[in-house]
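# Commentary on secondary and tertiary structure
Spelled out from the first residue to the last, the chains are:
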Amino acid sequence: MKTTVKDFKKILSEKILVIDGAMGTMIQRHKLTDKDFRGERFKDYPHDLKGNNDLLSITQPEIIKDIHRQYFSAGADIVETNTFNSTSISQADYSMHELVYELNYESAKIAKEVADEFNKKFPDKPRFVAGALGPTNKTLSLSPNVNDPGYRAVTFDEVADAYYDATRGLIDGGADIILIETIFDTLNAKAAIFGVEKLLNERSLDLPVMISGTIVDNSGRTLSGQTVEAFLISVAHTKNLVSVGLNCALGAKQMRPFVEDLSNASDKFLSVYPNAGLPNEMGGYDETPQTMASILNDFIASGFVNVVGGCCGTTPDHIKEIAEIVKNHKPRIPKTREPFLHLSGLEPVILRPDSNFMNIGERTNVTGSKKFARLIKENNYDEALSVARDQVEGGAQVLDVNMDEGMLDSEAAMTKFLNLLGAEPEISKLPIMVDSSKWSVIEAGLKCLQGKGIVNSISLKEGEEVFKEHAKKVLSYGAAVIVMAFDEKGQADTFERRIEICSRAYKILTEEIGIPPQDIIFDPNILAI
């Protein structure tokens, strides 16, 4: 029987769970050769396979099973599947992208078999399998070409499809939880969320989802530039989300202030699994189990944690020490989320009752600025970015971007400008309002935003079914939304019509689609005289 979101939340509210340590560290102990990685099935495969750890779930399943057993024996409640690189994008390095479903299925099946062994022996301590979805080796927010900051090596749809396929194998293999982890680019994570949600909806599954980001250094930001709170806001829309946490890149000592920030902001349960300190000059990890456990004891005693474990360099010995300390502490109680509009670029923007009017910079709009329109038509995007920069320096809190012009390929222009804007941290720190009368342009823009932006706009003009379809997509992409006071009869032109249309839209969005009320902005078409 599958663990439901409600079941898992109940367990997390009652005790701190322990997640396992590093898979790669344990595999390295076996000193495997290329021949070992190949096994009999791939002995004649025309590519080097050494280092493809995920393949061992097929060629050396007993090794992977034994590692899972060691972690459960050490006290872990959750083990991750051996699938950190089991997406078609990552497996393309080994020309094994066609094996993605099998890799995920076999890895989940192996882990579930071991979990079942322990659940039969110790029925009072349930063990879970987290289907691990790693970050891939390509990014949606960053260009791999320093000379072309607008270039992307992969598209949103390709990344979403890759995660969809991987998740299908994990679920079919028996994973209890989906864990999107080691997130250094939030837009990659949003594509993963999109792919996972698609599968959960298709199968009507109530499977818990955990999300774990990675802070790359003491700046407290992800590789793609987001702060901890901006990251939290960007992924908060995730279907079946039970926890948001941090893992990898840093040791526990370095991670502490960012875990505290996340704990203070998050209404979700919180996971943390740091590395065994920082890497030494040889790339290894030296922090002992006792030292790491003592640092994490402070996290736990401070009430920051619901799930705790280890990442790079950690072993069953580390997990054993951590499992001992959690016995003496109660789990963190998630914060109550304030019902305010939360937006994010690289940094958070929260509209509170005592806030002044939110300033929207509308000069990056081809219908609102002749200069900007001319620059876009001339393909002078560098100068067009200066218009956005001026808006930021002038005090804008959100940037409105509109490319609706008859002579433009609006979808391409929106994508190019937002990709270039993403490479400018002084501009991309702000949330983006994706503004268009064409849904295809809005969707193209949403696929470029790692933060939580605003859609401008949707309406009932084309009827309820189209309205609902667009609203569902807005929610899946993690955006707030402006609703225009239009319906099938046309524009609202009286007080009564405005109330009627807005009330109808609000009821659909909140009761049928599940968009939070604070993420809905109404434009009742009141024009200045």
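Whatever comes next refers back to the structure up there.
Reference entry: report on the structure contained in this document. (Residues numbered from 1 in each chain as written. Predicted model: local features only at pLDDT ≥ 70, side-chain atom pairs only at ≥ 80, totals over all residues. Heavy atoms only, no water.)

## A look at the overall build of the protein chain
Across its full length, the protein chain carries 20 helices and 18 strands. Taken over the C-alpha trace, the protein chain has a radius of gyration of 24 Å; the compact-globule value for 529 residues is 24 Å, and the two agree within 12%. Across its three principal axes, the protein chain shows a C-alpha extent of roughly 75 × 50 × 40 Å. In the protein chain, which carries 58 positive and 76 negative side-chain charges, the distance between the mean positions of the two groups comes to 3 Å. (Helix = DSSP H or I, 4+ residues; strand = E, 2+ residues; numbered from the N terminus. Rg over C-alpha atoms; globule rule 2.2 N^0.38 Å. Lys, Arg positive; Asp, Glu negative; His and termini not counted. Charge placed at Lys NZ, Arg CZ, Asp CG, Glu CD.)

## Focus on the pattern of salt bridges
All told, the structure shown has 30 salt bridges when counted by the stated rule. In this structure, Arg-41 and Glu-102 form a salt bridge, with 2.6 Å as the shortest nitrogen-oxygen distance. One end of the pair, Arg-41, is in the loop between helix H3 (34-38) and helix H4 (56-59); the other, Glu-102, is in helix H7 (residues 100-121), with 61 residues separating them in the sequence. Exposure remark for Arg-41: the relative accessible area of 49% places this residue in the partly exposed category. (Salt bridge = Lys/Arg side-chain N within 4 Å of Asp/Glu carboxyl O. Buried < 20%, exposed > 50% of the residue type's maximum accessible area, 1.4 Å probe, protein only.)

## Considering helix H20 (residues 495-513)
The end-to-end C-alpha distance of H20, which contains 19 residues, comes to 26 Å, matching closely the 27 Å that a straight helix rising 1.5 Å per residue would cover. Taken as a whole, H20 has its buried residues at Arg-497, Ile-501, Cys-502, Ala-505, Ile-508, Leu-509 and Ile-513. For H20, the arc enclosing every buried residue in end-on projection is 125°, short of the 170-degree limit, so these residues lie on one face. For H20, the exposed residues set more than 90 degrees away from the buried face come down to Phe-495, Glu-496 and Glu-511. Buried positions along H20 lie against helix H19 (464-477), strand S15 (480-484), strand S16 (486-487), strand S17 (490-491) and strand S18 (520-523). With its phi angle positive at about 90°, Gly-514 sits one or two positions after the end of H20. (Expected span 1.5 Å × (residues − 1). Arc of directions from axis to C-beta. Contact = heavy atoms within 4.5 Å.)

## A short note on the nonpolar core
Ile-180, Ile-376 and Phe-417 are the most contacted members of the largest nonpolar core, which has 143 residues in total. Listed in part, the 18 residues of the second largest apolar core include Leu-17, Ile-78, Phe-128 and Leu-179. (Core = buried A, V, L, I, M, F, W, Y, C linked by side-chain atoms within 4.5 Å.)

## As for the pairing of strand S3 (residues 128-133)
With six of its six residues buried, S3 lies for the most part within the structure. Burial along S3 is two-sided: the residues Phe-128, Ala-130 and Ala-132 and Val-129, Gly-131 and Leu-133 are all buried. Of the strand pairs in this sheet, strand S2 (residues 78-80) and S3 are connected by three bridges, and their pairing is parallel. What sits directly across from Val-79, in S3, is Val-129. (Pairing = 2+ DSSP bridges.)

## A short note on the sheet that holds S3
Strands in a sheet are paired, the pairing made by backbone hydrogen bonds, and the direction either parallel or antiparallel. Within the open sheet, the eight strands sit side by side as S1-S8-S7-S6-S5-S4-S3-S2. Their pairing is parallel. A strand with exactly one partner marks an edge of an open sheet, and here the two such strands are strand S1 (17-18) and S2. Relative to strand S7 (residues 271-275), strand S6 (residues 241-251) is paired through three bridges, and the arrangement is parallel. The residue of S7 that forms the bridge with Leu-246 is Val-272. Relative to the sheet, helix H8 (residues 156-173) contacts S3 and strand S4 (177-183), its axis offset from that of S3 by approximately 160°. (Axes fitted to C-alpha atoms, helices over the stretch in contact; angles between N-to-C directions.)

## Details of the sheet that holds S18
Strand order across the open sheet formed by six strands is S11-S12-S13-S14-S15-S18, with parallel pairing between neighbours. Each edge of the sheet is formed by a strand with only one pairing partner; in this case those strands are strand S11 (360-361) and S18. Of the strand pairs in this sheet, S15 and S18 are connected by four bridges, and their pairing is parallel. If you follow Val-483 over to S18, its bridge partner there is Phe-522. Packing against the sheet, H19 makes contact with strand S14 (454-458) and S15, and its axis sits at approximately 180° to S14.

## Looking at the environment of Leu-346
Structurally, Leu-346 is set in the loop between strand S9 (341-344) and strand S10 (348-351). Between the C-alpha atoms of Leu-346 and Thr-186, which are 160 residues apart in sequence, the distance is 9.9 Å. Contacts of Leu-346, omitting those with residues within four sequence positions, involve Arg-221, Ser-224, Gly-225, Gln-226, Thr-227, Ala-230, Pro-425, Ser-428, Lys-429 and Gln-450.

## Observations regarding the packing of aromatic side chains
Under the definition given, this model contains nine aromatic pairs. Taking the centre distance of 5.9 Å and the plane angle of 85° together, the rings of Phe-42 and Tyr-45 count as edge-to-face. Residue Tyr-45 is classed as partly exposed on the basis of its relative accessible area, which comes to 23%. An aromatic cluster is built from Phe-72, Phe-118 and Phe-122, whose rings are joined through pairwise contacts. Above the ring of Phe-118, the side-chain terminus of Lys-121 is found at 5.8 Å from the ring centroid. Over the aromatic face of Phe-486 sits the side chain of Lys-461, whose NZ or CZ is 5.0 Å from the ring centroid. (Phe/Tyr/Trp six-rings, centres within 6.5 Å; stacked < 30°, edge-to-face > 60°. Lys NZ or Arg CZ within 6 Å of the ring centre and 35° of its normal.)

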